[in-house]
Amino acid sequence: MVTAYFSEKSKWDAIAAQQETLLSSLLDYLASKGDGVTVWGERCADPAIRVPTVSFTVKGWSSRELVEAVERVSPRLGIRSGSFYSIRLVREVLELDPADGVVRVSMVHYNTGGSSS
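Residues numbered from 1 in each chain as written. Predicted model: local features only at pLDDT ≥ 70, side-chain atom pairs only at ≥ 80, totals over all residues. Heavy atoms only, no water.

Draft legend 1. Main features of the nonpolar core. Core analysis: the largest hydrophobic core is formed by 16 residues, its most contacted members being L30, V39, V54 and F56. Those elements that place two or more of their residues in this core are helix 2 (9-31), strand 1 (37-40), strand 2 (53-58), helix 3 (63-73) and strand 4 (102-106). With five residues, helix 2 is the single largest residue contributor to this core. Setting aside chain neighbours within four positions, we find V39 in contact with L27, L30, V54, S55 and F56. (Core = buried A, V, L, I, M, F, W, Y, C linked by side-chain atoms within 4.5 Å. Buried < 20%, exposed > 50% of the residue type's maximum accessible area, 1.4 Å probe, protein only. Helix = DSSP H or I, 4+ residues; strand = E, 2+ residues; numbered from the N terminus. Contact = heavy atoms within 4.5 Å.)

Below is the structure:
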């Protein structure tokens, strides 16, 4: 049962540690791309500061096209594009086209650090 799965604090600590590891790897990779990638939000993997979901854009790519290209080579990867019910935020704060939005990846605890293929 779900309640049993989440009932022990040690599991929460393990979940947070797994998410932080995954998130750190993703943020490090995105940062290695220099100014070609913009990460929207915190660039720190600390679970006290952010959730393990990253939104970003890549120069020269529409968010939709990037997701489609990634899914062609890694179909099991959970990556999406759009405004995610935050059209005003995307348009007025990020100053992006809400029809294209951002790329979003969630690095939650049930993911692994291994290859997606």
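Let us keep going from here.
Draft legend 2. Quick peek at the sheet that holds strand 4. In spatial order, the strands read 1-2-4-3; together these four strands make up an open sheet with antiparallel pairing. The sheet is open, and its two borders are formed by strand 1 and strand 3 (79-82), each paired with just one other strand. The mean angle between the axes of side-by-side strands here comes to 30°, regardless of whether they run parallel or antiparallel. In the packing of helix 3 onto the sheet, contacts are made with strand 2, strand 3 and strand 4, and the angle to strand 3 comes to roughly 165°. (Pairing = 2+ DSSP bridges. Axes fitted to C-alpha atoms, helices over the stretch in contact; angles between N-to-C directions.)

Draft legend 3. Just the packing of aromatic side chains, in detail. Under the definition given, this model contains zero aromatic pairs. One cation-aromatic arrangement involves R104 over F84; the distance from NZ or CZ to the ring centre is 3.7 Å. (Phe/Tyr/Trp six-rings, centres within 6.5 Å; stacked < 30°, edge-to-face > 60°. Lys NZ or Arg CZ within 6 Å of the ring centre and 35° of its normal.)

Draft legend 4. Broad picture of helix 3. For helix 3, the set of buried residues is S63, L66, V67 and A69. Around the axis of helix 3, the buried residues are gathered within 160° of arc, so they sit on the same side. Buried residues along helix 3 sit in contact with strand 2, strand 3 and strand 4. (Arc of directions from axis to C-beta.)

Draft legend 5. Summary view of the pattern of salt bridges. Scanning the model with the defined rule gives five salt bridges in all. Note that E68 and R64 form a salt bridge whose closest N and O atoms lie 3.3 Å from each other. Pair noted here: E68 and R64 are both in helix 3, with a separation of four residues, about one helical turn. The exposure class of R64 is partly exposed, given its relative accessible area of 43%. Where R88 meets E92, a salt bridge forms, and the shortest distance between an N and an O atom there is 3.2 Å. Highlighted residues: R88 and E92, both in helix 4 (residues 87-93), separated by four residues, approximately one helical turn. The exposure class assigned to R88 is exposed, which follows from its relative accessible area of 62%. Exposure remark for E92: the relative accessible area of 44% places this residue in the partly exposed category. Via salt bridges that share partners, R88, R91 and E92 belong to a single interconnected network. (Salt bridge = Lys/Arg side-chain N within 4 Å of Asp/Glu carboxyl O.)

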